[in-house]
Amino acid sequence: MSQPFQCSPAVQAALDAGRPVVALESTIITHGMPWPQNIEMARGVEALIRAEGAEPATIAVLDGVLRIGLSDDDLVALAQTTGAMKLSRADLAFAMATGRTGSTTVAATMIAAALAGIATFATGGIGGVHRGAESSFDVSADLDELARTTVIVVCAGAKAILDLHKTFEVLETKGVPVIGYATDELPSFWSRGSGIAAPLRLDSPQEIAAFQRAREAIGLEGGMLVTNPLAPDLEIDRETVGGWIEAALADADAADVRGKAVTPFLLKRIFELSGGRSLEANIVLVRSNARLAAQIAVASARR
Ligand code: PSU
Ligand code: MN
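Here the structure is a predicted model, which means the values were calculated and not measured.

Chemist: How do you make sense of the pattern of salt bridges when you look at a structure like this?
Modeler: Two side chains carrying opposite charge are able to pair once their charged atoms lie near each other. All told, the structure shown has 17 salt bridges when counted by the stated rule. A salt bridge links Asp163 to Lys166; the nearest nitrogen and oxygen atoms lie 2.7 Å apart. Members of the salt-bridge network, linked through shared partners, are Asp251, Lys268, Arg269 and Glu272.

Chemist: Would you mind showing me how to read the site of ligand 1 here?
Modeler: Around ligand 1 sit 19 residues, and of these Glu25, Lys86, Ser140, Asp142 and Thr263 come closest. For ligand 1, an oxygen atom lies 2.7 Å from a polar atom in the side chain of Glu25. For ligand 1, whose free accessible area comes to 480 Å², the fraction covered by protein is 95%. Within the residue set of the shell around ligand 1, elements represented by two or more residues are α2 (27–32) and α12 (262–273). Broken down by element, the shell around ligand 1 gets its largest block of residues, three residues, from α2. Of the residues assigned to the shell around ligand 1, the class counts are four nonpolar, eleven polar and four charged.

Chemist: Could you clarify how one ought to interpret the side chain of Ser103 in this entry?
Modeler: Examined against the element boundaries, Ser103 turns out to sit in strand β6 (residues 102–104). A distance of 2.7 Å separates polar atoms of two side chains, one belonging to Ser103 and the other to Thr30. Not counting chain neighbours up to four residues away, the residues in contact with Ser103 comprise Ser26, Thr27, Thr30, His31, Ala84, Met85, Lys86 and Leu87.

Chemist: Teacher, can you tell me more about the nonpolar core here?
Modeler: Within soluble globular proteins, side chains that are nonpolar generally end up buried alongside one another. Core analysis: the biggest nonpolar cluster contains 97 residues, and Ile68, Ile126, Trp190 and Leu225 have the highest contact counts within it. The leading source of residues in this core is helix α13 (residues 277–302), at twelve residues. Not counting the four nearest positions on each side in its chain, Ile68 is found in contact with Phe5, Gln6, Cys7, Ser8, Val11, Ala57, Thr58, Ile59, Ala112, Ala116 and Ile118.

Chemist: Would you mind showing me how to read the pairing of strand β3 (residues 55–62) here?
Modeler: Residues in a regular strand point their side chains to alternate faces of the sheet. Summarising burial for β3: eight of the eight residues are buried, a large majority. Burial of the side chains of β3 extends over both faces: Glu55, Ala57, Ile59 and Val61 are buried on one face and Pro56, Thr58, Ala60 and Leu62 on the other. One ladder, built from four bridges, connects strand β2 (residues 21–24) with β3; its direction is parallel. Paired with Val21 across the strands is Glu55, a residue of β3. In this sheet, strand β4 (residues 65–68) lies alongside β3 in antiparallel orientation, the contact comprising four bridges. Counted as the bridge partner of Ile59 is Ile68 from β4. Pairing geometry for β3 and β6, over two bridges, is antiparallel. The residue bridging Ala60 from the neighbouring strand is Ser103, located in β6.

Chemist: Would you mind showing me how to read the confidence of the model for the protein chain here?
Modeler: In low-pLDDT regions, the fine details of the predicted coordinates are not to be read closely. Per-residue confidence for the protein chain gives a mean pLDDT of 97; residues scoring 70 or more make up 99%. When mean pLDDT is taken per element in the protein chain, β2 scores highest with 99 and helix α7 (residues 133–136) scores lowest with 96.

Chemist: Whenever I open this one, the packing of aromatic side chains confuses me. Can you help?
Modeler: Geometry of an aromatic ring pair is reported as the spacing of the ring centres plus the angle between the planes. Taken as a whole and assessed by the stated rule, the structure comprises one aromatic pair. Taken together, a centroid distance of 4.7 Å and an interplanar angle of 80° make the contact between Phe189 and Trp190 edge-to-face. We note that Phe189, like Trp190, is buried.

Chemist: Before we go on, may I ask you to explain the packing of helix α3 (residues 37–51) against α13 in this structure?
Modeler: The description of two helices packed together rests on the angle between their axes and the distance between the axes. Packing of α3 against α13 brings their axes to within 9 Å, and their N-to-C directions diverge by 20°. Between α3 and α13, the interaxial angle falls into the category roughly parallel. Crossing of α3 against α13: the hand is right-handed. Of the residues in α13, those touching α3 at Gln37, Met41, Gly44, Val45, Leu48 and Ile49 are Leu279, Ile283, Val286, Arg287, Ala290, Arg291 and Ala294. A per-class count over the contact of α3 with α13 returns nine nonpolar, two polar and two charged.

Chemist: Sorry, what's going on with the packing of helix α10 (residues 205–217) against α13 here?
Modeler: Taken N-terminus to C-terminus, the directions of α10 and α13 make an angle of 60°; their axes are 8 Å apart at the nearest point. The angle between α10 and α13 falls in the class oblique. The chirality of how α10 crosses α13 is right-handed. Residues Pro205, Gln206, Ile208, Ala209 and Arg213 of α10 pack against Leu292, Gln295, Ile296, Ala299 and Ser300 of α13. Here the contact of α10 with α13 is built from residues that sort into six nonpolar, three polar and one charged.

The rules behind these values
Residues numbered from 1 in each chain as written. Chains lettered and ligands numbered in written order. Predicted model: local features only at pLDDT ≥ 70, side-chain atom pairs only at ≥ 80, totals over all residues. Heavy atoms only, no water. Salt bridge = Lys/Arg side-chain N within 4 Å of Asp/Glu carboxyl O. Near = heavy atom within 4 Å. Polar contact = N/O pair within 3.5 Å; in protein donor to acceptor, adjacent residues only side chain to side chain. Areas by Shrake-Rupley, 256 points an atom, 1.4 Å probe, with all protein chains shown as cover. Helix = DSSP H or I, 4+ residues; strand = E, 2+ residues; numbered from the N terminus. Nonpolar A, V, L, I, M, F, W, Y, C, P; charged D, E, K, R; others polar. Contact = heavy atoms within 4.5 Å. Core = buried A, V, L, I, M, F, W, Y, C linked by side-chain atoms within 4.5 Å. Buried < 20%, exposed > 50% of the residue type's maximum accessible area, 1.4 Å probe, protein only. Pairing = 2+ DSSP bridges. pLDDT = per-residue confidence, 0-100. Phe/Tyr/Trp six-rings, centres within 6.5 Å; stacked < 30°, edge-to-face > 60°. Axes fitted to C-alpha atoms, helices over the stretch in contact; angles between N-to-C directions. Parallel < 35°, antiparallel > 145°, perpendicular 65-115°, else oblique. Left-handed = near helix turned anticlockwise from the far one by under 90°.

In structure tokens, the structure reads:
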């Protein structure tokens, strides 16, 4: 028992048997959505993954222990806590060493998933290059993690609060494959389109699993980003979202919000400005990503 993490019995059994497992992050629970929608989302996403024949593994650091697979009591406690750290590569081990509780971002979740041998991960939207990064230098550590850690990340694109052109340029430079799932245009989280062409397109979980096998066959490490657009009747049009984002960015600027607080601040402000519509769409897209990630995990395990 010298592993630096603790799997739930269900996740351990699935991993031991070579059954498909899907990693889930927890920053979306603690910093991305309000109570009680966060716990409803967390439970719903786990149920969807099980229904597809895979085992969900929500990841977090609880009282210093890196946990992979949470009980319902753990999920409820995490969803209600207000003091959780937002953990990335820089501070994941810090929370473990100091006995803290923290939720894992995309970057930290990828690290933990790879450590446990979980190859597929579902989230809402990755972090990326913030607007104004040329002066703030605010670029999410998620991008570097995608470049170095071998996990398939299923998302609805990068969050539209970001500079999407710069975000995808960085991913291209770092050699991260970006796939439009059944689409020629990259989605932008709440909206189906972004005006940016998808660099690669695949139309089935089997094709995604085959692409990953081909990458591994030639020794390519690093993540793959699968971008999965919301259903047409559920998306919010880009003009509407754009207005909320402009207003939220102005508020963040006025309040001098910086660093790790920026993304949670903007998501909360857009939730308020949209009268809850942004949260509804966020929940729907996470559910859709979880379903697709489970199908990819099943397709990968079948071989
Ligand atoms: N997806 C969501 N909501 C979120 C996130 C993703 O639908 O809150 C989180 C992820 O944990 C991601 C983080 O890693 O936002 C990005 O934070 P930052 O921009 O500070 O790197
Ligand atoms: Mn940042």
